[in-house]
Amino acid sequence: MLKKTGKHPLYKSVDRRSFLKGTAFGLASLAIPFGTSDASVWDAFFQKHFREMDDDEIKSVIKRMEKEYADEYKTDFKIKTTGPLPGVKFGYGLDLSLCIGCRRCVYACVKENNQSRDPQIHWITVLQFKNGERWVNVFEEADRYYNPQEVPEEGHFYMPVQCQQCENPPCVKVCPTQATWKERDGIVVIDYNWCIGCRYCMAACPYGARHFNWGKPHIDKSEINPDVHYFGNRPRYKGVVEKCTFCIQRTRENPGRYPACVEICPVGARKFGNLLDPESEIRYCIENKRVFRLKEDLNTSPKFYYFFSI
Amino acid sequence: MNLKSISKIFLIVSIPVVFLSLLSSHAISADETTDYPVPPPPFSEGIFPCSGCHAGMEVNTNIRELSFHEDIKLKHFDGWCFNCHNPDNRDVLRLASGKIITFKESEYLCGQCHGEKFRNWKVGVHGKRTGLWNGRKEYRLCVHCHSPHQPRFKPLKPLPPPVRPEDSKYKTIEQIPLNPLNSIKE
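Given the structure is predicted, the values throughout are model-derived calculations rather than measurements.

A. Structural detail: the overall build of chain A. A count of helices and strands for chain A gives 9 helices and 12 strands. By the compact-globule yardstick of 19 Å for 310 residues, chain A is too spread out, its C-alpha radius of gyration being 24 Å. With the C-alpha coordinates of chain A rotated into their principal frame, the extents come out at 95 × 40 × 35 Å. Contacts spanning at least 24 positions in sequence make up 65% of the contacts within chain A whose residues lie at least 6 apart.

What follows is the structure, given as structure tokens:
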């Protein structure tokens, strides 16, 4: 019956192979973003993994991104891809006897690193504990919303927590797309263009240091910091994970500035330097102070050292 | 002396001069005359030089309520002005040893009692430090953060706490508050 009317295309018999072929091509064509037929969308879609790109490919990716950001934020961006400095491994020290919980660091970080203001993302969380309270390994229930007239409050102490830049980072192990990894200078970086937003890393991080862009990040144009690094403070996309990078755009320079949180801290509780340099401030802290690291029993080996100077 | 030998001498002299000046410029400081690169001391406006008023005054070493510096309430050990200030010349400070130091190097004065803090400060572990982590660092004098007369660090108003997830309510970009850091003058 069908064979007799075979000339009409509607009655043409379809064998299994061509049916599957057609279905595959049809579905593939649905995935192409026709509405935004800009070439940069294609380029972004087919961008290679950062560590598989050669210098020219990286250059063209940066050029494309600078244009995208300039269009969106009406500012000229300078996206750096500076690699790790040789002979450098970054370490951080935080003096808990000095911290007064004023949250200057939180907002200096927001300003420097272009975090979304709405939905709000903070890379640093300052925790408040009552004296004598159980704290080091159970800080998930600590008060992070304290808001008195003045700090420090009598009978309390404060502990800021941010990415601990683990030597043995659990977040890197779980990433299914290898969008996050540890660089030679010890900074755990994220390629926001390879992050698929599965948030496995957030579940794996024992410090709650990773944050997710649940919505499109909003930053007022007047507050954009256009001096950015590919792995650091370039504006993020909806649906990607982000975290502290020790201000990679500042510290990977030679000479490099201190991270924004170190620079703002009014009590000088934050110390930063090269763990491989015996003359550095951080080495002095480790060698002369009673330092500890958070959740050391998990064997994550953070490069973030808390200590008490008094 | 011909031109050649003059230029030779000039070369010989200039090499160590240039080298020395390079060495000293490596340790850039806010003030080249002090041992540590610190900004100028935080005097109240119009108060310095002290000799402006004190030059013609008779020195009174009796411990008493002051009639002019009434804003200074000493809450710092059981002391008296001349433990630190120099009765013979008010524009400088005096160590316990009798050594005279300027206000720009007052860290030596504090370090007489607070030796441990002074040691830590010298290596950059006590106190605020800005600048470059692998280059020039900017120090602060003790008195930039601690008033010498009431050294306890003043409490601060904390910046706003993070938004609770259930309170995320901003609808338009105009409703999002700007960074509260911008409104602080410090």
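B. Just the interface of chain A and chain B, in detail. Contacts between the two partners involve 45 residues from chain A, matched on the other side by 33 residues from chain B. Mapped by element, the contributors of at least two residues to the side of chain A that touches chain B are helix H4 (104-113), strand S10 (270-274) and helix H9 (281-288) of chain A. In terms of residue count, the dominant contributor to the side of chain A that touches chain B is H4(A) (6 residues). Tallied by class, residues from the side of chain A that touches chain B come to 19 nonpolar, 13 polar and 13 charged.

C. How the structure looks around the nonpolar core. Residue and element names in this part refer to chain A. Residues Cys-105, Val-106, Cys-109 and Cys-261 are the most contacted members of the largest nonpolar core, which totals 61 residues. Those elements giving two or more residues to this core turn out to be strand S2 (90-95), H4, strand S4 (156-161), strand S6 (188-190), helix H8 (260-264), H9 and strand S12 (304-308). If you tally residues by element for this core, the top one is H4, at 6 residues. When residues no more than four places from it in sequence are discounted, the contact partners of Cys-109 are Trp-123, Ile-124, Ala-260 and Cys-261.

D. Structural context of the environment of B:Glu58. Topologically, B:Glu58 is positioned in the loop between helix H2 (51-54) and strand S1 (93-94). Spatially, the C-alpha atom of B:Glu58 lies 9.8 Å from that of B:Pro87, the residues being 29 residues apart in sequence.

Rules used throughout
Residues numbered from 1 in each chain as written. Chains lettered and ligands numbered in written order. Predicted model: local features only at pLDDT ≥ 70, side-chain atom pairs only at ≥ 80, totals over all residues. Helix = DSSP H or I, 4+ residues; strand = E, 2+ residues; numbered from the N terminus. Rg over C-alpha atoms; globule rule 2.2 N^0.38 Å. Contact = placed C-beta atoms within 7 Å. Nonpolar A, V, L, I, M, F, W, Y, C, P; charged D, E, K, R; others polar. Core = buried A, V, L, I, M, F, W, Y, C linked by C-beta atoms within 7 Å. Buried ≥ 20, exposed ≤ 12 C-beta atoms within 10 Å, placed from the backbone.

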